[in-house]
Amino acid sequence: MGIALALAHQHKNWRVLRRLQSSLSEGADWILQGQSEVYALEVKGTDEGSLPLAEALHQARASLWVQRKGATPAVCVVSFREPRAVFQSDEPK
């Protein structure tokens, strides 16, 4: 989580608004604020070769914040096998 949040701030300039609650079935892990967008960020970690981007993005898209409040779904998957992290979002181009 810490790696993903640090990278989101450093590379996207997103800041944390709040942690989402799994006990409330809010879907993603974090709500982050960009310059003009709010993002529902799902964070995954893996020690396998492939990164589960599609699975994580599906979960972010199903978030209550995306479905009901218009947040943009985003994911960060951190690989511990070959140290790297990948971001993906439905952010408008």
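Our structure is the block above this text.
Draft legend 1. Quick look at the nonpolar core. Core analysis: the largest hydrophobic core is formed by 12 residues, namely Ala4, Leu5, Ala8, Trp14, Trp30, Leu32, Tyr39, Leu41, Val43, Ala74, Cys76 and Val78. Going through the elements one at a time, helix 1 (2–12), strand 2 (30–33), strand 3 (38–46) and strand 4 (72–79) are the ones with two or more residues in this core. Leave out the neighbours within four places in its chain, and tryptophan 14 touches Ala8, His9, Leu32, Gln33, Gly34, Tyr39, Ala74, Phe87 and Glu91.

Draft legend 2. Inspection of the packing of aromatic side chains at higher detail. Within this structure, the stated rule accounts for one aromatic pair. Note on tryptophan 14 and tyrosine 39: the rings are 3.9 Å apart at their centroids and 20 degrees apart in plane angle, and the pair reads as stacked. Of this pair, tryptophan 14 sits in the loop between helix 1 and strand 1 (15–19) while tyrosine 39 sits in strand 3; the two residues are 25 residues apart in sequence, bridging distant segments of the chain. Neither residue differs from the other here; tryptophan 14 and tyrosine 39 are each classed as buried. Taking the ring centre of tryptophan 30 as reference, the NZ or CZ of arginine 19 above it sits at 5.1 Å. Here the guanidinium or amino end of lysine 69 rests over the ring plane of tryptophan 65, the centre of that ring lying 4.4 Å away.

Thresholds, definitions, all that
Residues numbered from 1 in each chain as written. Predicted model: local features only at pLDDT ≥ 70, side-chain atom pairs only at ≥ 80, totals over all residues. Heavy atoms only, no water. Core = buried A, V, L, I, M, F, W, Y, C linked by side-chain atoms within 4.5 Å. Buried < 20%, exposed > 50% of the residue type's maximum accessible area, 1.4 Å probe, protein only. Helix = DSSP H or I, 4+ residues; strand = E, 2+ residues; numbered from the N terminus. Contact = heavy atoms within 4.5 Å. Phe/Tyr/Trp six-rings, centres within 6.5 Å; stacked < 30°, edge-to-face > 60°. Lys NZ or Arg CZ within 6 Å of the ring centre and 35° of its normal.

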